[in-house]
Amino acid sequence: MVVFPTETVFGIGASSLNHNACREIYKVKNRPQDNPLIVHFANSKEIETYAILSNQARNLLERFAPGPLTLILKKKNDSLFSTGLGTIAVRIPSHKVARRFIEESKTPVSAPSANPSGKPSFTRNEDVVSYFDGKVDCILLEKATDLENRIGIESTVIDMSSDIPKLLRPGSIELEEIQEVLGTKVELPQNPGVISPGLKYRHYSPEGRLHIFQSTQDILNRLNTLGDNLKVDPKDNIAVNSRKIAILAYSNTELNSVEELTKSFDASSHSCVFKIQYAESNMDYAKKLYSFFLDCDKESVAEIFCESPRQGRLYSAISNRLKKAISRDDSDH
Ligand code: AMP
Ligand code: MG
């Protein structure tokens, strides 16, 4: 079992031909048995050994691979680990370390995201080391320079195993881009969990309660209602014995006034504290989302306020992850 970085999030992988090793991954992650793993390949030629590539699937790979795109394809044989579906999920990552690892392995690599099931995915070296050290055979770290290209949320998943392509999970490759390559509409299934077992589970959730606000002004209004109970510790934004609040929002002028507001509270009247994480764009938001959630957990933040994402690239992907993170009930997916 090897933990490795990819351009989306870190993965935990084993040879897809070693079914026992693949089963071990489920134990380390506490992953539900029916949630299949994505098989990672070095190139599309290798995919054809194990799966049926239609012309349309080939077109998608030509355009988007290597990259953050996962295709569901019909299996050709049973040599790769699977959970008993007639299909496999395939992806060719673009991250340098991931590619080198898969190439040198000389086998496809089955890998889900490297994180305990249900929790936010890991996007930083420190997160994978603190959870996986001692639990796996090897952890491949990444250099700070790789971070610039990190997307921060999981791949777009498209079901290409039947005549009608379906979007199972939104990611940084947008529906419109896929449709343009295919020249046909991609279906948005009402209940993608029926096709993709992993999607019915709650995911990405921080411990604290998550609230989504349409704008920073709405966040400001909410904070105002907290009134005198709100105070930021001038030292490090965190105080003890208080109900902690954290905010993830786009950097703009309204937010500055949030900071002003918090500064203006009297030092003696605090019972709430908060920390603000700024995002400059949807790309920056996606990059920071999971590490922000994990930081909130580390600090036992009780209430998490997120500004809803803006229209444009990554809008659907971020909305989808926030929606899943806010859900307290597995059964509604
Ligand atoms: P992750 O755990 O983040 O790697 O997510 C893997 C995703 O791919 C889950 O949502 C799975 O349900 C989905 N997946 C993997 N294999 C298949 C498959 N054969 N058919 C449909 N979805 C799949
Ligand atoms: Mg996952």
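The shown structure was predicted, so the numbers you read here are calculated from the model rather than taken from an experiment.

About the cut-offs
Residues numbered from 1 in each chain as written. Chains lettered and ligands numbered in written order. Predicted model: local features only at pLDDT ≥ 70, side-chain atom pairs only at ≥ 80, totals over all residues. Heavy atoms only, no water. Helix = DSSP H or I, 4+ residues; strand = E, 2+ residues; numbered from the N terminus. Buried < 20%, exposed > 50% of the residue type's maximum accessible area, 1.4 Å probe, protein only. Contact = heavy atoms within 4.5 Å. Areas by Shrake-Rupley, 256 points an atom, 1.4 Å probe, with all protein chains shown as cover. Axes fitted to C-alpha atoms, helices over the stretch in contact; angles between N-to-C directions. Parallel < 35°, antiparallel > 145°, perpendicular 65-115°, else oblique. Left-handed = near helix turned anticlockwise from the far one by under 90°. Nonpolar A, V, L, I, M, F, W, Y, C, P; charged D, E, K, R; others polar. Pairing = 2+ DSSP bridges. Polar contact = N/O pair within 3.5 Å; in protein donor to acceptor, adjacent residues only side chain to side chain. Arc of directions from axis to C-beta.

**As for the overall build of the protein**
Per the secondary structure count, the protein includes ten helices and 13 strands. For the protein, with 333 residues in total, the buried portion stands at 54%. Across the protein, the fraction of contacts at a sequence separation of at least 24, relative to all contacts at a separation of at least 6, is 74%. Within the structure as shown, the protein displays about 15200 Å² of accessible surface, and the carbon and sulfur contribution to it stands at 49%.

**Some details on the packing of helix 3 (residues 55–64) against helix 6 (residues 175–182)**
At a minimum axis distance of 9 Å, the contact between helix 3 and helix 6 shows a crossing angle of 125°. In terms of orientation, helix 3 lies oblique with respect to helix 6. As helix 3 runs across helix 6, the sense of the crossing is right-handed. On helix 6, the residues touching Q56, N59, L60, R63 and F64 of helix 3 are E177, I178, V181 and L182. Broken down by class, the residue content of the contact of helix 3 with helix 6 amounts to five nonpolar, two polar and two charged.

**A short note on the pairing of strand 13 (residues 303–307)**
Two faces belong to every sheet, and in a regular strand the side chains alternate between them. The buried fraction of strand 13 is high, at five of five residues. As defined by bridge partners, strand 10 (residues 209–213) adjoins strand 13 across five bridges and the pair is classed as parallel. Each residue of the ladder has a partner; that of H211, found in strand 13, is F305.

**Examining the side chain of E303**
Examined against the element boundaries, E303 turns out to sit in strand 13. Within the local environment of E303, its side chain forms a polar contact with the side chain of R209, the two groups lying 2.9 Å apart.

**A look at the packing of helix 9 (residues 282–298) against helix 10 (residues 315–326)**
Where helix 9 contacts helix 10, the axes come no closer than 10 Å and their chain directions differ by 20°. Regarding the angle of helix 9 to helix 10, the classification is roughly parallel. Viewed along their axes, helix 9 and helix 10 form a crossing whose handedness is left-handed. Each of N282, Y285, A286, L289, Y290 and F293 in helix 9 lies in contact with helix 10, whose residues at this interface are Y315, I318, R321, L322 and A325.

**Examining the sheet that holds strand 2 (residues 11–15)**
Strand order in the open sheet made by the nine strands is 7-1-2-6-3-5-4-8-9, with mixed pairing throughout. Here the strands that pair on one side only, and so sit at the sheet edges, are strand 7 (138–139) and strand 9 (166–169). For strand 2 and strand 6 (residues 109–111), the ladder comprises two bridges, and the chain directions are antiparallel. Bridge pairing in strand 6 links S15 to V109.

**Side note on helix 1 (residues 19–29)**
A21, C22, I25, Y26, V28 and K29 are the residues of helix 1 that are buried. Those residues of helix 1 that are buried lie in contact with strand 2, strand 6 and helix 5 (125–132). Looking at the residues trailing helix 1, positive phi occurs at N30, about 55°.

**Topic: helix 4 (residues 96–105)**
What helix 4 keeps buried is the set A98, F101 and I102. Mapping the buried residues of helix 4 onto a view down its axis gives an arc of 95°, with all of them on the same face. With respect to the buried face of helix 4, the exposed residues turned more than 90 degrees away are K96, R100 and E104. Residues of helix 4 that are buried sit in contact with strand 1 (2–4), strand 3 (38–40) and strand 6. Where helix 4 ends, the next residue or the one after it, K106, has phi of about 55°, a positive value.

**Details of the environment of D78**
Among the secondary structure elements, D78 is positioned in the loop between strand 4 (69–74) and strand 5 (87–91). Spatially, the C-alpha atom of D78 lies 10.0 Å from that of I88, the residues being ten residues apart in sequence. For D78, the side chain forms a polar contact with the side chain of K75, separated by 3.1 Å.

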